[in-house]
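For reference, the chains in residue letters:
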Amino acid sequence: MGIFENRNGAGERIPVWLRVTVPTVASLVLFIIVIFALHMPAVRDAMLSQRKTSLKHMTQIAMGVLEDMREKERKGILTPAQARRQAADTIRKMRFGQGGKDYFWINDTNATMIMHPYMPELDGRDLNNFTDFKGNPLFREMVDVTKTDGDGYVTYYWQWQDQPEKVMPKISYVRRFEPWHWILGTGLYLDDMEKEASIRNRELIMMTLIVLGLISVLSAYTIIQSRKAGKQLLESEALFKGVFNHSQQFMGVLTPEGVVLMANKVSLDFAGIDEEDVRNRYFWETPWWNYSIDAQRALKETIQIGSFGGIGKGIFKHFGKDGECIYVDFSVKPVRSENDTVLFLIAEGHNITELTEAQERLAVSEALFKGVFNQSLQFMAVLGLDGTLLEINQSSLDVRAVTADDVLNKPFWDGPWWQNPPSLIPPLKDDIAKAAGGKVIRKEVEAVSDEGLHQFIDFSLKPVFNAEEKIIFLLAEGRDITELHIVQDQLRNLNRDLENKVEERTVELRQSIERLEKAQNQLIQSEKMAALGDLVAGVAHEINTPVGISVTSISYLEEKLKEIDRKIAAGDLRKSDFDKFLNVARETTKSSMLNLHRAAELIGNFKQVAADQASGQRRTIYFGKYIEEILLSLRSKYKRTKHKINVNCPEDLQLSTYPGAFMQILSNLIINSLIHGFEGIEAGNIDIGVELTDEYVVLRYTDDGKGMSEANIGKVFEPFFTTKRGDGGTGLGMSIVYNLVTSRLGGTISCSSVEGQGTAFTIYLPLEMVVSS
């Protein structure tokens, strides 16, 4: 930031201004502003602006080609690929400029070259990392410069037209064609323009030398005439600038009318502005004051006081360039001439933000403290380190019906809170001494109120430290916990009564649980015996056939034997009759033995299965064979149906387990499928599969019956849940299965089902029950 240096002279300064300022400023203005600062840069800038305008105009013509092709694409005259290809070919042939050397190229918004007429080897290449001869990523810059406004200029170095060995600076105009995400560009070499500008500037320099000669004469005259005055002026100005610019306060110089002549660096930096933003403007119109009409009005009044010879003052809020807010103690003081005329005004501002904020925080803290202190329902007091009562809240006064004047600036232990009983005073003095030494005191105090009632107070004394960790006062707090004591006594009595009632209820619940467990065991035993009864009935039915055949065969043999006896008695027995009898005897004996063996096998299987179910003993079985025995005992349940049961189990799989549990599990699953799953189904399939994994013996039972709803799946293992309660269902079958799997066999069971597709049960059993062969 600069410093305002524009100042008005007055009085005796007028001769110095005539001898120094006029010739010096005239020469500097003529030499610097007119020639170097304005005209010479303007020559090149004008030529460059003209060339840029030409590039932009030519690009607009080429954009017309793209828009025409896009319109044909939109109307369906050309396909998108045809439109893009014809557009690129048309622009490839376009030339302009001297000798027809200037051209257009096309790349897309991803910096991929679409078409370059002079360098076709670039077509289709990703040019994100392509740089010019100075290392500038020109194509990436073209993408970036067109992102915001859709067009822009890019300066870089490129080969001279069709001479690759000649590299020159070039400026290009690029413009986006959004429908195709293309960027169309063309450029011009700056060399020709620089040459033309150089010729014009040489002519201008010659004219400048002539003018410079005149300036030199004037300057010599000025130096001679103003040596003494200039030395004094420089010393005075250096002193003023030193004070003005190095001051940490906000300072400015104004005309009596309030126009800004100067502002120091601190002021300019705060607002983020420079001298051109405020010089020769009314002070209240500058960025320091434009945030508020009220602030501008107050400033005008302050300046008016200063212009009349007084000192205007005020505290104002200002906002910096980053939005920071500060408070400024502002003043305007007049500077007078010898004839008491106000020459200009000195504006000063002191940053008092920290002081103001500290005062605000102190006020807030004080208000907060008083609000909490006086509105608190607890007893609160502030004590000196010697126990003198400095402050006390209203709740403390109300409890003993006293005023602040009655107790303040007196020893705390002389207050009415500690007089009944008097034995409270010595411990209190001791506690105050301990707290003054830095210890926190907390205890329960029992006092007697004015009405003679016992009060229990949760009392504490805490030391309060300042920033230097020095104790400055003590904070006493008290909370009436009399009601809490009463509630605690009531709660103790209630707990005692509740414990007695809980004990009584526990005994009742224990007896109820025992009755329920007994009833459940009876139901389970009934279910087991019912299953055993079904087993007996099924086996009896199976045994009936082979035993009946055997009885029929033996009866037939008995008749043939009687016939032989009659013939022997009559003496009519012939050898052929006896041979026929022997043949009949052999056949009937063979048939009877075969069927009797079948019956014996059925009885043996029944005996083992029944014994397993009744005894519940652990033994080793071939699991696949045992499943077949279970199915044989249940065959009467499904042999007159078209339902099929398929078993897939390794033949050599031996398990050391409880066979009776498997009998009940499979019986319940099969009967559930027959009764519930295959209801209304003529031919169903049941698959029982057993496999060994690395961790489990897995038994999978599936049927293709009508399945279950999602709600029933969640209840299937619950005791007494059945969908056939009206038809004699107990709802214990699947509960027994679950308990046998999880408790007796130490496994897990899960159910899955889809209505209309069937039901599946998966049982995971511990691998430890497998007997190694």
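What you see is a predicted model, and the numbers here were worked out from it, not measured in a lab.

Enquirer: A description of the overall build of the chain should follow, citing residues and the corresponding values.
Expert: Along the backbone of the chain there are 17 helices and 23 strands. The proportion of buried residues among the 773 residues of the chain is 39%. Relative to all contacts within the chain whose residues are 6 or more apart in sequence, the contacts with residues 24 or more apart total 55%. With the model as given, the accessible surface of the chain reaches about 44800 Å², and the carbon-plus-sulfur share is 55%.

Enquirer: How would you explain the side chain of S396 if you had to name every residue and give the values?
Expert: Within the secondary structure, S396 sits in helix α9 (residues 394-400). With relative accessibility at 3%, the residue S396 sits in the buried group. Among the polar contacts made by the side chain of S396, one reaches the main-chain amide nitrogen of M380 at a distance of 3.2 Å. When sequence neighbours within four positions are dropped, the list of residues in contact with S396 reads F379, M380 and W417.

Enquirer: Which residues make up the pairing of strand β15 (residues 471-480), and what values do they have?
Expert: Inspection of the sheet shows strand β11 (residues 379-383) paired to β15 by five bridges, in the antiparallel sense. Residue pairing for β15: V382 is matched across the bridge by L475. When strand β14 (residues 454-465) meets β15, the two strands line up antiparallel, connected through nine bridges. From the neighbouring strand, I457 faces β15, where its bridge partner is D480. The turn linking β14 back onto β15 is made up of five residues, and E469 within it adopts a positive phi angle of 60°.

Enquirer: Residues and numbers for the packing of aromatic side chains, please.
Expert: For the structure on display, the rule yields 17 aromatic pairs. Judged by centre distance (5.1 Å) and plane angle (50°), the ring pair of Y153 and Y173 falls under tilted. Of this pair, Y153 sits in strand β3 (residues 151-160) while Y173 sits in strand β4 (residues 163-177), and the two are 20 residues apart along the sequence. Taking relative accessible area as the criterion, Y153 reaches 31% and is therefore assigned partly exposed. Between F412 and W417, the ring centres sit 5.9 Å apart and the planes meet at 45°, which makes this aromatic pair tilted. Of the aromatic side chains, those joined through ring pairs into one cluster are F130, F139, Y156 and W158. The ring centre of Y157 lies 5.1 Å from the NZ or CZ of K134, which sits over that ring.

Enquirer: Help me get a handle on the sheet that holds strand β8 (residues 312-319), residues and values and all.
Expert: Read across the open sheet, the five strands follow the order β7-β6-β10-β9-β8; overall the sheet is antiparallel. Looking at the sheet topology across the chains shown, the edges are occupied by β7 (260-263) and β8. Strand after strand, the sheet turns through a mean of 25° between neighbouring axes, direction not considered. In this structure, strand β6 (residues 250-254) lies alongside β7, joined through three bridges in antiparallel fashion. If you follow G252 over to β7, its bridge partner there is A263. Strands in contact with helix α7 (residues 293-307) are β6, β8, β9 (325-336) and β10 (342-351); relative to β8, the strand with the most contacts, it is inclined by about 150°.

Enquirer: Tell me about unusual backbone geometry, and please be specific about residues and values.
Expert: Geometrically, the link from N420 to P421 is a cis peptide bond, its omega value of 5° lying close to zero. Among the secondary structure elements, P421 is positioned in the loop between α10 (404-407) and α11 (425-436). One non-glycine residue with positive phi stands out, namely A401, at about 55°. On the secondary structure map, A401 appears in the loop between α9 and α10. Look at A401 and you get exposed, because its relative accessible area is 68%.

Calculation rules
Residues numbered from 1 in each chain as written. Predicted model: local features only at pLDDT ≥ 70, side-chain atom pairs only at ≥ 80, totals over all residues. Heavy atoms only, no water. Helix = DSSP H or I, 4+ residues; strand = E, 2+ residues; numbered from the N terminus. Buried < 20%, exposed > 50% of the residue type's maximum accessible area, 1.4 Å probe, protein only. Contact = heavy atoms within 4.5 Å. Areas by Shrake-Rupley, 256 points an atom, 1.4 Å probe, with all protein chains shown as cover. Polar contact = N/O pair within 3.5 Å; in protein donor to acceptor, adjacent residues only side chain to side chain. Pairing = 2+ DSSP bridges. Phe/Tyr/Trp six-rings, centres within 6.5 Å; stacked < 30°, edge-to-face > 60°. Lys NZ or Arg CZ within 6 Å of the ring centre and 35° of its normal. Axes fitted to C-alpha atoms, helices over the stretch in contact; angles between N-to-C directions.

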